Amino acid sequence: MNKVPLYFSNNLEFSIKNKKGFCTDRVKLKNVLPAIFFGCLLVALGVYEWLNGFRYNEGELPPVFEASLYKPLIAAWVFDLCFIIIGLAVVSSNICYFLRYNKYRIDGSKITVIHRRLFHGKKIAVEDIKNYVGVRFRVEFLQVGLLTKNRYIVELYHKNADKIVPLYLSTDEYNVRRMWKEYAQKFKLPAVIFTDEGVKFIDSKSLNKSISTQYKQGLIEDNYDEYERLPKIFTYVRKKDKIVIKIKKIIWDAYNIIAWFFVGTLGVVLIAAAGTVLSSNQTCCSGINLLMGLCLGLIIIMIQILFRKEKLVIKRNKIVHTHKYMLFSTKHNQMMKKDIESVEITQNPATGRCYVSIISDDNTIAFGAKIAVKDLRWVKKFLIHEIVN
């Protein structure tokens, strides 16, 4: 597994004019303010509840026989304390996240990289631009709360990860290849991509050619064998107007185990809160009701995400990437066949995982991030066959 730089921005474009430019990579204040506000709200709610702010009719004492029966499973102040602790953790973590940054300066042939971490001070590196070997494109998989997103990265590549410079960061797949091509031409360096076969260097002029054009010019081959056995991981369905390739089963990894642990923890909290409500003869406090609703909602959302499957729908003129959930499906992305310029098995250097990248000049589809490389190779050959025929 290769070391990769740590970026904080999800949207960044390095503007360079006359071989000079400067940019700062840090999380935007507007992105952390909602989380800080939510954390403060949790703290305020916990403190207010702890001080009996939501308790009414304090002057009325319940009958003796009712008071003797009121034995909650867990004292209400425990839930109040949980709200306070979670709120403080959310506020402090987001403040620490905002204080970190990376700065990059290009001045002629020199590039200066500054990394600032909260407890490690500043680290400065100066490098000559001639020591950079290319402009790399890669996709990074992000966990954004309960959801996963793709972050598309174009960067000035150096063998030392601490000297790599981000040129374009975005969670939007549109225009990524165009930016990749423009930066490669601007720096007069080859385009770089990590594949299952190693590092691949591409002349920036070749990035303009579609798969069909490359096939006609003999730059790529159609190696698909119709009699080759379908990988067991896929379901293949051919209909009148389309072909559907679906990942048959859920592939678990460390991220799923952590998510299931989180679901289990929420379930325990939900059961404990429900037990407190059932053991009480009085209307439960608003804080516990809110906690129960929040836990139940998060459990439902996380289970939907954990059982999500990917599908590729190949039609006559386009390829559609969809996500199949337990109760519904969503169209995640689509691309016209004539616009596709590359189909590669790309490696994420941060995780070592490979996936199929389907790339056009202004769009990108990432499919099969947890699938074995040998199965992804079948997908690549099949897609190239469908595009050129």
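Right above here is the structure, for reference.
Below: a short report on this structure. This one's a predicted model, so the numbers in the text were calculated from it and none came from an experiment. (Residues numbered from 1 in each chain as written. Predicted model: local features only at pLDDT ≥ 70, side-chain atom pairs only at ≥ 80, totals over all residues. Heavy atoms only, no water.)

Some thoughts on the overall build of the protein chain
Here's step 1: From N to C terminus, the protein chain includes 8 helices and 18 strands.
Here's step 2: Residues classed as buried in the protein chain amount to 43% of the 389 residues present.
Here's step 3: For the protein chain, contacts bridging at least 24 residues in sequence account for 59% of all contacts bridging at least 6.
Here's step 4: In the form shown here, the protein chain has an accessible surface area of approximately 21,600 Å², with 58% of it arising from carbon and sulfur atoms. (Helix = DSSP H or I, 4+ residues; strand = E, 2+ residues; numbered from the N terminus. Buried < 20%, exposed > 50% of the residue type's maximum accessible area, 1.4 Å probe, protein only. Contact = heavy atoms within 4.5 Å. Areas by Shrake-Rupley, 256 points an atom, 1.4 Å probe, with all protein chains shown as cover.)

A look at the sheet that holds strand β12 (residues 242-247)
Where strands meet in a sheet, backbone hydrogen bonds hold them as pairs that are either parallel or antiparallel.
Here's step 1: The 5 strands lie next to each other as β11-β12-β13-β14-β15, forming an open sheet whose pairing is antiparallel. One side of each edge strand has no neighbouring strand; the edge strands of this open sheet are β11 (234-238) and β15 (329-336). On average, adjacent strands in this sheet sit at an angle of 20 degrees to one another, irrespective of strand direction.
Here's step 2: In this structure, strand β13 (residues 309-315) lies alongside strand β14 (residues 318-324), joined through 6 bridges in antiparallel fashion. Across the sheet, the residue bridging to L312 is H321, located in β14. (Pairing = 2+ DSSP bridges. Axes fitted to C-alpha atoms, helices over the stretch in contact; angles between N-to-C directions.)

Describing unusual backbone geometry
Here's step 1: With a phi angle near 55 degrees, N18 is a residue other than glycine that sits in the positive phi range.
Here's step 2: Within the secondary structure layout, N18 lies in the loop between β1 (12-13) and β2 (20-25).

Brief notes about a nonpolar patch on the surface
Here's step 1: Taken together, W252, W260, F307, M326, L327 and F328 make up a surface patch of nonpolar side chains, about 640 Å² in accessible area.
Here's step 2: By the secondary structure assignment, W260 is in helix α6 (residues 254-278).
Here's step 3: We classify W260 as partly exposed; its relative accessible area is 33%. (Patch = residues over 30% accessible without salt bridge, like charges linked within 9 Å, V, L, I, M, F, W, Y side chains within 5 Å. Salt bridge = Lys/Arg side-chain N within 4 Å of Asp/Glu carboxyl O.)

Focus on the pattern of salt bridges
Two side chains with opposite charge may pair up if their charged atoms get near one another.
Here's step 1: Counted according to the given criterion, the structure contains 16 salt bridges.
Here's step 2: Between D196 and R377 there is a salt bridge; the shortest N-O distance is 2.8 Å. Placement of D196 in the loop between β9 (191-195) and β10 (198-202) and of R377 in helix α8 (residues 373-388) is noted, with a sequence separation of 181 residues between them.
Here's step 3: Two residues, K380 and E344, come together in a salt bridge whose shortest N-O distance is 3.7 Å. Separated by 36 residues along the polypeptide, K380 in helix α8 and E344 in strand β16 (residues 340-347) bring together distant segments of the chain.
Here's step 4: A single network of salt bridges, built from pairs that share partners, joins R136, R138, E140, R151 and E155.

Examining helix α1 (residues 29-50)
Here's step 1: If you check α1, its first and last C-alpha atoms are 31 Å apart, about what 22 residues at 1.5 Å a residue would give, namely 32 Å.
Here's step 2: The complete set of buried residues in α1 reads V32, I36, G39, L42, V43, L45, G46 and E49. (Expected span 1.5 Å × (residues − 1).)

Concerning the packing of aromatic side chains
Here's step 1: Applying the stated criterion across every chain, the model contains 9 aromatic pairs.
Here's step 2: Between F137 and W180 the ring centres are 5.4 Å apart and the planes differ by 35 degrees, which places this aromatic pair in the tilted class. Residue F137 is found in strand β6 (residues 134-144), and its partner W180 is found in helix α4 (residues 176-187); the two are separated by 43 residues along the sequence.
Here's step 3: Judged by its relative accessible area of 1%, F137 is buried.
Here's step 4: Taken together, the aromatic side chains of Y224, F234, Y236, F367, W378 and F382 make up a single cluster linked through ring pairs. (Phe/Tyr/Trp six-rings, centres within 6.5 Å; stacked < 30°, edge-to-face > 60°.)

Let's talk about the sheet that holds β2
Here's step 1: Read across the sheet, 4 strands follow the order β2-β3-β4-β5 without closing on themselves; strand pairing throughout is antiparallel. Only two strands of the sheet have a single partner each, and these edge strands are β2 and β5 (121-128). This sheet shows a mean twist of 10 degrees between the axes of neighbouring strands, independent of strand direction.
Here's step 2: In this structure, strand β4 (residues 110-117) lies alongside β5, joined through 8 bridges in antiparallel fashion. When the bridges of β5 are listed, H115 appears paired with K123.

Regarding the pairing of strand β8 (residues 165-170)
Here's step 1: Counted residue by residue, β8 has 6 buried out of 6 residues, so it is predominantly covered.
Here's step 2: For β1 and β8, the ladder comprises 2 bridges, and the chain directions are antiparallel. Looking at the pairing, E13 lines up with Y168 of β8.

So, α4
Here's step 1: Between the first and last C-alpha of α4 there are 17 Å, a value that for 12 residues agrees with the 16 Å anticipated at 1.5 Å per step.
Here's step 2: Count one or two residues on from α4 and you reach K188, which has phi positive near 55 degrees.

Thoughts on a positive patch on the surface
Here's step 1: Residues R229, K232, K248 and K249 make up a contiguous surface patch of positive charge.
Here's step 2: Its place among the elements puts R229 in the loop between α5 (211-216) and β11. (Lys, Arg positive; Asp, Glu negative; His and termini not counted. Charge placed at Lys NZ, Arg CZ, Asp CG, Glu CD.)

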